[in-house]
Amino acid sequence: MDRRRFLHQIGRGTILSALAIFSGTMIYRNLNSERETCDFDFVCRNCKKVKTCALPDGIDFKKKNSIQ
Amino acid sequence: MSEILKYISRTWNIKKLVAILSMFILFLTSGFPLFAQQQRFPKPEFESGYTQPVTSMPEARSDFFAIFDVLVLIVALSLISWLILKKRSRRGVLAVSVFSILYFGFFREGCICSVGSLQNVTLALFQPEYSIPISALAFFVIPLVYTLFFGRTFCAGVCPLGAIQDVLLLRPVTMKRWLQKVLGLIPYIYLGLSVLYAATATDFIICRYDPFVGIYRFDATFFMFAIGAIFLLLSIYVARPYCRFFCPYGVLLNWMSRFSKHHLTITPNKCIQCRLCEDSCPLGAINKPVPVKVMEDRQSATKRFISLSLIIPLLMVLGGWTLSNFHENLAKVNPKVRLANELMSFKPDVMLPSVEIEAFKSAGTPLTELYSQAAIIIEQFYIGAWILGAFLGLVFGLTLSSLSVFKYREDYTPDKGECVSCARCLKYCPVEK
């Protein structure tokens, strides 16, 4: 293995590890988050989850549009 | 009439006709005439102060379909990587491109896309209260991982933004190297700005100014429609103008691709230096061989590279200082800062309140709270502007330094960073496996 290939392998390993750690952290944070989050930038009008939404924006939208 | 037809047939060739015809079809299909008609008459003025919303988003997907999209992405990436690296098929790449345009483009209306997911990831990194959707995270990470192993196969035909430009490239024009280098700096600026605005929870500028999303959704402002049409027209002659000179996600893919394990090769076997592929790449991403007699003495080249590299810290400080002076201007994009500015200059006796001011007053939030929030955001922009300026200084410095480096090469090889693995060069190689 030449030097260039060796350095590339180290770089690839480092990036992969960083991506794995980052993804793991984000997934862990998502799964352990007790708070409900909005994945639609609080645009309730088009959201399919609005009926079950417990966020203040969602509740407000349901009230205004009398959605049960 | 027959004379005219004869004249046309004498002076025009098929390629010209195809180009003109494609431009005509493009205009027809992009909904331009319909949109232009809509804009002919002024919109009605409602007394309620209602303004027509300019942005639209596709409907949110249920969890099952969000996972389904991720699966489609994985399948498309695996298939295109196999088609490029094993089958070496340009037709296969085209087929996947058409699928991506139809599925990720028109059916999914360009959302969610990996390019935009960069902002979700940034927001999740800097704002702990924001939980990134798993599908957005997957759309960000998976193409990067594939690029680390197989090169930019995502750009080749899975990205709907790249695919639509690629299929329209009919008459590629070769661009000057220096122009490519200069324009190639724009994505770094765009990347820096999009990260800054996402990190401060100000705006998702990549999505807001995506030129193709309006075409995919058949719904955008006239301005964005026009920008999209310009990019598509430009794509007929200039290979992938958005990917090369704007795409911020392309910057990350470029970095990843440099470390790729199995990248596309022009020749399946030993290069015979026939030079047939030399001008085959419309992106100019083929490295030509550097003969030994041209090669510079290693020691002097290293010395020059080091001396040039010494100016990098200087450029970083200069860039950081310059942009930090404009942090207040950059922060004005933030809605809270903008509202605070509006309220500061608002004179109730001579001015009518805007909708935003009325909404703020009706919410009953104390003015001091808004001002303190705006001050915090401006402070964040000050730090962010320093980092962004330093980053841009680093990029400029490294670009300058890289111009002085000549790597010795024996064969024609794709530039691993710039090559989008479109597989156009493959058919030029006469070498069989």
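Owing to the predicted nature of the structure, the values given are computational and were not obtained by experimental measurement.

Definitions and limits used
- Residues numbered from 1 in each chain as written.
- Chains lettered and ligands numbered in written order.
- Predicted model: local features only at pLDDT ≥ 70, side-chain atom pairs only at ≥ 80, totals over all residues.
- Helix = DSSP H or I, 4+ residues; strand = E, 2+ residues; numbered from the N terminus.
- Contact = placed C-beta atoms within 7 Å.
- Buried ≥ 20, exposed ≤ 12 C-beta atoms within 10 Å, placed from the backbone.
- UniProt positions renumbered as here; feature names shortened; annotations may be inferred.
- Domains from an automatic or database assignment.
- Nonpolar A, V, L, I, M, F, W, Y, C, P; charged D, E, K, R; others polar.
- Core = buried A, V, L, I, M, F, W, Y, C linked by C-beta atoms within 7 Å.

Enquirer: I keep staring at the environment of W386 of chain B and nothing clicks. Help me out?
Expert: All names here are of chain B. Mapped onto the elements, W386 comes out in helix 22 (residues 367-403). Taking the C-alpha atoms as reference points, W386 and L330, 56 residues apart in sequence, are found 12 Å from one another. In contact with W386, other than residues within four places in its own chain, are G320 and S324.

Enquirer: Explain unusual backbone geometry here, please?
Expert: Trans peptide bonds make up the majority, and among non-glycine residues the majority have a negative phi. Residue and element names in this part refer to chain B. Cis rather than trans, the peptide bond between C111 and I112 has omega equal to 20°. Its location among the elements puts I112 in the loop between helix 5 (90-107) and helix 6 (114-126). With a phi close to 55°, E109 is a non-glycine residue in the positive phi region. Its location among the elements puts E109 in the loop between helix 5 and helix 6. With 19 C-beta atoms packed within 10 Å, E109 lands in the partly exposed category. Positive phi, normally seen in glycine, also occurs at F218, with a value near 50°. For F218, the location among the structural elements is in the loop between helix 13 (213-217) and helix 14 (222-237). Taking the number of C-beta atoms within 10 Å as the measure of exposure, F218 has 14 and is therefore partly exposed.

Enquirer: Explain the UniProt feature "transmembrane region" (unreviewed entry) in chain B here, please?
Expert: Residue and element names in this part refer to chain B. Feature annotation in UniProt places "transmembrane region" (unreviewed entry) on residues 64-85, 92-117, 137-161, 182-200, 220-239, 305-323 and 381-406, given in this structure's numbering. Secondary structure across residues 64-85 comprises 100% helix and 0% strand; the distance between its end C-alpha atoms is 32 Å. Spanning residues 137-161, this segment combines 88% helix with 0% strand, and its end C-alpha atoms are found 19 Å apart.

Enquirer: I'm lost on the domain arrangement of chain B in this one. Help?
Expert: Interface size is commonly expressed as the accessible area that is lost once the parts come together. All names here are of chain B. What the domain assignment reports for chain B is domain 1 (2-30), domain 2 (63-276 + 413-428) and domain 3 (296-403). Distance between the C-alpha centres of domain 2 and domain 3: 27 Å. Contacts between domain 2 and domain 3 engage eleven residues on the former and twelve residues on the latter. Residue composition of the side of domain 2 that touches domain 3, by class: six nonpolar, three polar and two charged.

Enquirer: I'm lost on the environment of K427 of chain B in this one. Help?
Expert: Residues and elements named next belong to chain B. Checked against the element boundaries, K427 lands in the segment after strand 2 (413-414). Here K427 falls in the partly exposed class, since 14 other C-beta atoms lie within 10 Å of it. Spatially, the C-alpha atoms of K427 and F396 are 36 Å apart, while their sequence positions differ by 31 residues.

Enquirer: Would you explain the nonpolar core in this entry?
Expert: Across soluble globular proteins, nonpolar side chains have a tendency to be buried as a group. All names here are of chain B. Within the largest apolar cluster, 91 residues are counted, with the highest numbers of intra-cluster contacts made by L77, I80, V93, F139, A156 and V158. Both domains that meet at this core, namely domain 2 (63-276 + 413-428) and domain 3 (296-403), each give it at least three residues. Sequence-distant contacts of V93, defined by excluding residues within four places in its chain, comprise I80, L83, I84, A156, G157, C422 and A423.

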